[in-house]
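Spelled out from the first residue to the last, the chains are:
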Amino acid sequence: MEDVLILGIESSCDETACSVVKNGREVLSDVIASQADFHEQYGGVVPELASRMHVDSIYPTIEKALSDADVTLDDISAIAVTYGPGLVGALLVGLSAAKGLSAASGKPLVGVNHLKGHIAANYLCFPELQPPFLCLCVSGGNTMIVKVSGYTDMEVLGRTRDDAAGEAIDKIARVIGLGYPGGPKMDKAGQGGDINAYTFPKTHMKDTLDFSFSGLKTAALNMINQNRQKGIDIDLADFAASYQHAIATVLLTNTIKASEDTGIKKICLAGGVSANSFLRKAFDEEAGKRGLKLYYPSLKLCTDNGSMIASAGYFEYINGTRHSLDLNAKPSLELN
Ligand code: KG4
């Protein structure tokens, strides 16, 4: 069978990314222009500025991805692009570029759900991985447990009812002065800390696999404020370790419940927060005890990148998905 090369374009938040991936599994190039350092001065992503920076970097990023892979647009089978969920202005930049390339080259356009991309990052790291499996998708904007029955066939079993896990980490990281992006900084701050030093409420709802992190976040805020009022210094390492451990425990408990309910013993982690060392450790330990097969992407492929979009795009492409040039950005695109 002839090789299928997919050009994957991602611009849903603050990374302009483009990759070429062969047959959904082999990364030929992976180029990322990150805006994180720029947004740091504002304490978070400024959507309008993100869109403008995507405009500046989109074509150089695409050109570099093609040249790093040593291919031209002629060699590409299809152009895959994130069309949601994400920041609408940011999405539109990648989508418009992809539509322009598709119109000019005649190559098919395949719109990709960003979350399916995060899940597909696991296919790039584990060539043997095949559905069915459960995937805990944890990023800055989403937290959900997904039953992946086939490469394009997915069902959400549980989701957050308020904050995403990444949001809960980022917000508290900001309050304790770690700055943006909070996730990696909180992870680092917690190294060597005692996970039992501070106690946080761990919300588990009855008869559902849904999550809630707002209570945990509010408890952390109250703890910080009360200690400040009393002039007591919080131990940063212990606090960061306990807080991340509490979040990991909530995520783990529901994922294990989903595995018991479905009988699926293969579990993947995906999304930016799957880079978190406390989460990985909690899952590693429990998977070992229960004989579950656990997968999580390399650190580089946990956060936003073009390769995961090209991989998810490949499976959509061979499944027959084609989009027309009137495909629009969908900031709240659902997985199902
Ligand atoms: O998947 P992603 O790059 O973008 C979205 O699609 O949202 O995820 C970004 C999120 C941010 O909340 C960031 O703080 C978090 O992933 N993150 C981490 C770590 N690395 C990134 N959170 C905890 N620990 C990390 N090591």
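Residues numbered from 1 in each chain as written. Predicted model: local features only at pLDDT ≥ 70, side-chain atom pairs only at ≥ 80, totals over all residues. Heavy atoms only, no water.

Participant: Explain the site of the ligand here, please?
Facilitator: Taken together, 17 residues lie near the ligand, and His118, Gly140, Asp170, Gly272 and Asn276 sit nearest. Within the side chain of His118, an N or O atom sits 2.9 Å from an oxygen atom of the ligand. Between Asn276 and the ligand, the recorded distance is 2.9 Å, taken from a side-chain N or O atom to a nitrogen atom. Here the ligand occupies the largest pocket. The set of elements that each furnish at least two residues to the shell around the ligand consists of α4 (114-125), α5 (165-175) and α6 (182-189). Of all the elements, α6 adds the most residues to the shell around the ligand, at 3 residues. By residue class, the composition of the shell around the ligand is 3 nonpolar, 11 polar and 3 charged. (Near = heavy atom within 4 Å. Polar contact = N/O pair within 3.5 Å; in protein donor to acceptor, adjacent residues only side chain to side chain. 1 Å grid on protein atoms, 1.4 Å probe; cavity = no way out; pocket = protein on both sides within 12 Å on 5 of 7 lines; lining within 4 Å. Sits in = over half its atoms within 2 Å of the grid points. Helix = DSSP H or I, 4+ residues; strand = E, 2+ residues; numbered from the N terminus. Nonpolar A, V, L, I, M, F, W, Y, C, P; charged D, E, K, R; others polar.)

Participant: What is the right way to read the layout of surface pockets from this model?
Facilitator: A water-sized probe, rolled over the atoms, reveals where empty space remains. One number sums up the size of the largest pocket: a volume of about 1,300 Å³. Lining of the largest pocket is provided by 40 residues; of these, Cys13, Ser139, Gly140, Asp170 and Tyr180 occupy positions nearest its centre. Among the elements of the structure, α4, α5 and α6 are those that each provide at least two residues to the lining of the largest pocket. Examining the composition of the lining of the largest pocket, we find that 6 residues originate from one element, α5, more than from any other. Two domains each provide a minimum of three residues to the lining of the largest pocket, namely domain 1 (5-119 + 302-318) and domain 2 (131-297). In this model, the second largest pocket occupies a volume close to 270 Å³. Residue lining of the second largest pocket: 16 residues in total, with Ile195, His245, Phe278, Lys281 and Ala282 positioned closest to the centre. Counting only elements with at least two residues in the lining of the second largest pocket, the list comes to α8 (236-262) and α9 (277-290). Of the residues that constitute the lining of the second largest pocket, the class distribution is 5 nonpolar, 7 polar and 4 charged. (Points joined across faces, edges and corners; volume = space filled by probe spheres on them. Domains from an automatic or database assignment.)

Participant: Can you help me understand the pattern of salt bridges in this one?
Facilitator: When the charged atoms of two side chains lie near each other, side chains of opposite charge can form a pair. Summed over the entire model, instances satisfying the criterion amount to 17 salt bridges. Close ionic contact of Glu26 with Lys22 constitutes a salt bridge, the shortest N to O distance being 3.8 Å. Because the salt bridges share partners, they merge into one network encompassing Asp163, Glu167, Lys171 and Lys217. (Salt bridge = Lys/Arg side-chain N within 4 Å of Asp/Glu carboxyl O.)

Participant: What exactly am I supposed to notice about unusual backbone geometry here?
Facilitator: Excluding glycine, a negative phi dihedral is what most residues carry, and trans is how most peptide bonds are arranged. A cis geometry characterises the amide bond from Gly84 onward to Pro85, with omega recorded as -10°. Turning to its location among the elements, Pro85 is positioned in the loop between β4 (78-84) and α3 (88-105). In this structure, Pro132 follows Pro131 across a cis peptide bond, with omega equal to 5°. Residue position: Pro132 is located in the loop between α4 and β6 (133-138).

Participant: How do you make sense of the packing of helix α2 (residues 47-68) against α3 when you look at a structure like this?
Facilitator: When two helices pack together, their arrangement is given by the angle between the helix axes and the distance between those axes. One way to put it is that α2 packs onto α3 with a least axis distance of 9 Å and a crossing angle of 30°. As summarised for this structure, α2 and α3 are arranged roughly parallel, according to the angle between their axes. As α2 packs across α3, the resulting crossing turns out to be right-handed. Seen from α2, the contacting residues are Ser51, His54, Val55, Ile58, Tyr59 and Ile62; seen from α3, they are Gly89, Ala90, Val93, Gly94, Ala97 and Leu101. (Axes fitted to C-alpha atoms, helices over the stretch in contact; angles between N-to-C directions. Parallel < 35°, antiparallel > 145°, perpendicular 65-115°, else oblique. Left-handed = near helix turned anticlockwise from the far one by under 90°. Contact = heavy atoms within 4.5 Å.)

Participant: Even after reading the chapter, I still don't get the domain arrangement of the protein, so can you show me in this structure?
Facilitator: When the parts of a complex come together, some accessible area is lost, and that lost area is often taken as the interface size. Domain boundaries assigned for the protein yield domain 1 (5-119 + 302-318) and domain 2 (131-297). The C-alpha-based centres of domain 1 and domain 2 are spaced at 27 Å. Roughly 1,500 Å² of surface becomes buried between domain 1 and domain 2 when both sides are summed, with 70% attributable to carbon and sulfur atoms. The largest per-residue losses of area from domain 1 upon contact with domain 2 belong to Leu115, Ile119 and Cys302, which jointly make up 41% of the total buried on that side. Run the count over domain 1 and domain 2 and you get 1 salt bridge. (Buried area = accessible area lost by both parts, 1.4 Å probe.)

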